[in-house]
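Chain residues, written in single-letter form:
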Amino acid sequence: RDRCRHDDHCRDDPAAVAELARSGSEDAFALIVNCFDDHSPHVRNAAARAFRKLEPARTVDLFNRSLEGASAERRRNIGTAIAASGLATEAIDKLDSENREDTYNALSILFVMAKTGEFEPLVQAIERHESVQVRMAAIKLLTLTGQSELANTAAKRRLDKQPPELGHLS
């Protein structure tokens, strides 16, 4: 009873994408990947969240597999979906977790997102997050992906927004 098929790419039906992840069918991965080509950002965001439901322990692997041989447009769509679906925000909040596995998984998903050229959640973390650990991790991730200038600019903007007496504490 898959509502999402190869020929329609889950058109305008985010619920169909979630249903695919729950079904665990053999072709669920391929069908979800195809949903990243959908014109609807809601469907693409649902596809990003579906990977976490499909195989929670291997979410990053699924994203990496979906990027293999992907067109430039699909790569952008995947990165944008990681950012817009809430996965990036969740990952950023786990960067200062006491649990090393949570931190590693968070870094991994954010690195996959950055590999697609989606950097905005990391820039926002540098500029706005209250945790120094999170800000430093975001700077490191941007630097690792060749975006050290972007990281420096975001850090400078954060410092410029600080009251003068607190600027040196950031």
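Remember, it's a predicted structure, so these values are computed and weren't measured experimentally. (Residues numbered from 1 in each chain as written. Predicted model: local features only at pLDDT ≥ 70, side-chain atom pairs only at ≥ 80, totals over all residues. Heavy atoms only, no water.)

A. Focus on the layout of surface pockets. Here the largest pocket is characterised by a volume of approximately 420 Å³. Forming the walls of the largest pocket are 18 residues, and the residues nearest its centre are P56, T59, V60, N105 and A106. Residue assignment for the lining of the largest pocket shows that the elements contributing at least two residues are α4 (59-67), α6 (87-93) and α7 (100-115). Per-element tally for the lining of the largest pocket: the top contributor is α7, with 7 residues. Considering only residue class, the lining of the largest pocket consists of 8 nonpolar, 3 polar and 7 charged. One number sums up the size of the second largest pocket: a volume of about 180 Å³. L95, D96, S97, T103, L107, F111, Q133, M136, A137, K140, L141 and L144 are the residues that line the second largest pocket. (1 Å grid on protein atoms, 1.4 Å probe; cavity = no way out; pocket = protein on both sides within 12 Å on 5 of 7 lines; lining within 4 Å. Points joined across faces, edges and corners; volume = space filled by probe spheres on them. Helix = DSSP H or I, 4+ residues; strand = E, 2+ residues; numbered from the N terminus. Nonpolar A, V, L, I, M, F, W, Y, C, P; charged D, E, K, R; others polar.)

B. Looking closely at α4. Within the span of α4, buried status applies to T59, V60, L62, F63, S66 and L67. Buried residues of α4, viewed axially, fall in a sector of 160°; they line one side. Buried positions along α4 lie against α2 (28-35), α3 (41-54), α5 (72-84), α6 and α7. Positioned one or two residues after α4, G69 has a phi angle of 70°, which is positive. (Buried < 20%, exposed > 50% of the residue type's maximum accessible area, 1.4 Å probe, protein only. Arc of directions from axis to C-beta. Contact = heavy atoms within 4.5 Å.)

C. Seen up close, helix α1 (residues 14-23). Those residues of α1 that fall on the buried side of the exposure criterion are A16, V17, A18, E19, L20 and A21. Packing partners of the buried residues in α1 comprise α2 and α3. Taken from the residues just after α1, G24 is the one with a positive phi, measuring 65°.

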